[in-house]
Amino acid sequence: MSTWSKGSKVEKLRREQLEHEGWLVQTWPKIKFGEQDLFGAFDLIAKKLGVTRYEQVKSTKGRMPGMTVETIKNMQEAWKHSCDHDEFYWVGYNTTTKEWRMRRILDPYVIGKI
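In this text the structure is predicted, and so the values were computed from the model without any measurement.

Visitor: Describe the pairing of strand β3 (residues 51-60), with residues and values.
Guide: With seven of ten residues buried, β3 is to be regarded as a mostly interior element. Two successive antiparallel strands, strand β2 (residues 44-48) and β3, enclose a turn made up of two residues, where L49 displays a positive phi of approximately 50°. When β3 meets strand β4 (residues 86-94), the two strands line up parallel, connected through nine bridges. Along β4, the bridge assignment pairs Q56 with W90.

What follows is the structure in structure tokens.
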């Protein structure tokens, strides 16, 4: 399975999980080439009870991969325009253990290496 199709499958799993928890979720059509993330950093947006979540979703077999410098810069730009009810998450799905790992990003200016 290509990394592109594996990523799409994991994003679909995450979307289904959030919808099951009562979130309204928006994703974008997948394309094989070119930019497809919202603000160059997020795979999906979820809304529930006045809270907006922005999530970057990754699949992994071990530890969560680090963010690229470009993703961090894009996340920082989106952060500048966020409000108190916005939440930013780095979400990893371990394809071996079938477990989700989430890290809330409280301030992308002090991310360092996640």
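Still to come is the rest of the account.
Visitor: An account of the packing of aromatic side chains is requested, with residue identities and associated values reported.
Guide: Counted by the stated rule, this structure contains four aromatic pairs. Ring geometry for F42 against Y54: centres 5.4 Å apart, planes inclined by 55°, an arrangement best described as tilted. Placement of F42 in the loop between β1 (24-26) and β2 and of Y54 in strand β3 is noted, with a sequence separation of twelve residues between them. A network of ring pairs unites the aromatic residues F42, Y54 and F88 as a single cluster.

Visitor: Which residues make up the nonpolar core, and what values go with them?
Guide: Note on soluble globular proteins: their nonpolar side chains tend to be buried together. Counting residues in each nonpolar core, the largest one holds ten residues, listed as V10, L18, W23, V25, L44, A46, V57, Y89, V91 and Y93. Among the elements of the structure, α1 (3-20), β2 and β4 are those that each provide at least two residues to this core. Residue contacts for L44: discarding those within four places in its chain leaves R14, R15, L18, V25, Q26, T27, W28, R53, Y54, E55 and V57.

The rules behind these values
- Residues numbered from 1 in each chain as written.
- Predicted model: local features only at pLDDT ≥ 70, side-chain atom pairs only at ≥ 80, totals over all residues.
- Heavy atoms only, no water.
- Buried < 20%, exposed > 50% of the residue type's maximum accessible area, 1.4 Å probe, protein only.
- Helix = DSSP H or I, 4+ residues; strand = E, 2+ residues; numbered from the N terminus.
- Pairing = 2+ DSSP bridges.
- Phe/Tyr/Trp six-rings, centres within 6.5 Å; stacked < 30°, edge-to-face > 60°.
- Core = buried A, V, L, I, M, F, W, Y, C linked by side-chain atoms within 4.5 Å.
- Contact = heavy atoms within 4.5 Å.

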